[in-house]
Amino acid sequence: MRTIIEGGTIVNEGRTFEGTILIEDGTITAIAPIGTIDTVINASGCFILPGIIDDHVHFREPGLTEKADIDSESRAAAAGGVTTFFEMPNTQPQTTTLEALEEKFKLARQKSHVNYSFFYGATNDNVDSFAQLDIHRVPGIKLFMGSSTGNMLVDRREALERIFRSTPLPLMAHCEDTDIINRNMAVAKAKYGDDPKVIHHPEIRSVEACYESTRLAVELARKYHTRFHLAHVSTAKELAFFAPPYPMQRHSRCPHSPLTAEATVSHLYFSDRDYARLGTRIKCNPAIKSESDREALQQALSDGRITVIGTDHAPHLLSQKEGGCAKAASGMPMIQFSLVTMLELVDQGILTIERLVELMCHNPARLFEVRQRGFIRPGYRADLVIVRPHTGWTVTPSVIQSKCGWSPMEGHTYLWRVERTLCNGHTVYVDGKVDTDYIGEEVAFR
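Quick caveat: nothing in here was measured; it's all calculated off a predicted structure.

Thresholds, definitions, all that
Residues numbered from 1 in each chain as written. Predicted model: local features only at pLDDT ≥ 70, side-chain atom pairs only at ≥ 80, totals over all residues. Heavy atoms only, no water. Pairing = 2+ DSSP bridges. Helix = DSSP H or I, 4+ residues; strand = E, 2+ residues; numbered from the N terminus. Axes fitted to C-alpha atoms, helices over the stretch in contact; angles between N-to-C directions. Salt bridge = Lys/Arg side-chain N within 4 Å of Asp/Glu carboxyl O. Buried < 20%, exposed > 50% of the residue type's maximum accessible area, 1.4 Å probe, protein only.

Enquirer: What should I look at first to understand the sheet that holds strand β6 (residues 52-57) in this one?
Expert: Think of a sheet as strands paired side by side through backbone hydrogen bonds, with each pair either parallel or antiparallel. The sheet built from 3 strands is open, its strands ordered β6-β7-β8 with parallel pairing. Across the chains shown, the open sheet's two edge strands, defined by having one partner strand only, are β6 and β8 (115-118). Ignoring which end each strand starts from, the neighbouring axes of this sheet average 20° apart. Pairing analysis gives 4 bridges linking β6 to strand β7 (residues 82-87), with the strands arranged parallel. Each bridged residue has a counterpart across the sheet, and for V57 the counterpart in β7 is E87.

Take a look at the structure:
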């Protein structure tokens, strides 16, 4: 089967140019058509990007499927131009055994409409199982170094040392200091009552709580030469750990500094001033912080301190978002609107479209050593997204694919639209509809 995409502007590997892409049996084969073409896609007036790779999502299956599942959230991914996701281990059961990991792969082979893989979760007691992981199937190991959902907190120094010393894969960590958070919560409850309003969330999950946990993680990563990836950096203070060039010797298999940071779309777009308007809809861990923190994160997109943009896509039912700092669930669904939100920041001059592609496509592929994805190159799988500028549309409940049925972006008008998403050369999303008969591929690494 041959498909040609013509008439569009390709954004790839730092270049923006008009060109034509030929796809044969799901793989990019050339920049110009050869022989008979079965399908022609007219991308005139559009930009053609590599499909987005989201390194940080929570699809809630198994065990929490009242909120979301692999079917619904992979539909949201396809509608947002995301062709590959790496899902997190704090489901029920937790992905902390080889059996639980294999069960997730089985579910994805049946339900995922885009490409997929799954992080393996670290606990205080499962380090010995790391050696049994197939490094060609798993992007990395996820470590919760601070208070979060899912009861996966690793808080023993001996266990942390073993994890940093023993991981054969990139180690991605949620870093917040539990003791600092608990002290801050006690102070907030004494001042504001048992369930402080959400505006106090960044006071409780504070800059210091993030910084101290990240400081410890960086200390251990330097000690053991660990390929360490900080999840959802949220403060200006933490960025100092990732200032390039980093003097530590680079890992022999990884072209990057072993210390890298992910920023989420939510921390790049919202600030603490948005709590008044959106309330607990933007309550997440770590907390959305100040405008100055957001500005620092936005600046770090272009100077190398931030390597990857993810979403930490984390759906909850709206009923579970009721309350304040103590009672409302933390997390929000963002995967469907991540690309168009970042394109809005491109229009604002915060980063270039070429840099966006670097952060959302190329760098995730490089960092996790993804095979044949993340670039528009001959021989690579045809994961592509076609986006159209200057096309106003407003987010309404009817367009939301996530099972939870809401988004913090409801009512927002975008000027970019995802026209079409191709996954392995197959059109999985077009004209507002997801091809739910299509199943994506398991991602291979290294």
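Enquirer: Which parts of the structure should I look at to understand the pattern of salt bridges?
Expert: Note on pairing: side chains with opposite charge can pair once their charged atoms come close. Under the definition given, this model contains 30 salt bridges. Between R205 and E176 there is a salt bridge, with its nearest N and O atoms 2.6 Å apart. Residue R205 is found in the loop between α5 (201-204) and α6 (207-224), and its partner E176 is found in the loop between β11 (171-174) and α4 (178-192); the two are separated by 29 residues along the sequence. When sorted by exposure, R205 lands in the same class as E176, which is buried. Members of the salt-bridge network, linked through shared partners, are R157, E161, E212, R215, E219 and K223.

Enquirer: Please clarify how the pairing of strand β13 (residues 259-264) should be interpreted in this entry.
Expert: Regular strands place their side chains on alternate faces of the sheet. Counting buried positions along β13 gives 6 out of 6 residues, so the element sits mostly inside the fold. Where burial is concerned, the two faces of β13 agree: the one with L259, A261 and A263 and the one with T260, E262 and T264 are both buried. Judged from the 3 bridges that link them, strand β12 (residues 228-230) and β13 form a sheet pairing that is parallel. Bridge assignment links F228 to a residue of β13, and that residue is L259. Judged from the 3 bridges that link them, β13 and strand β14 (residues 308-310) form a sheet pairing that is parallel.

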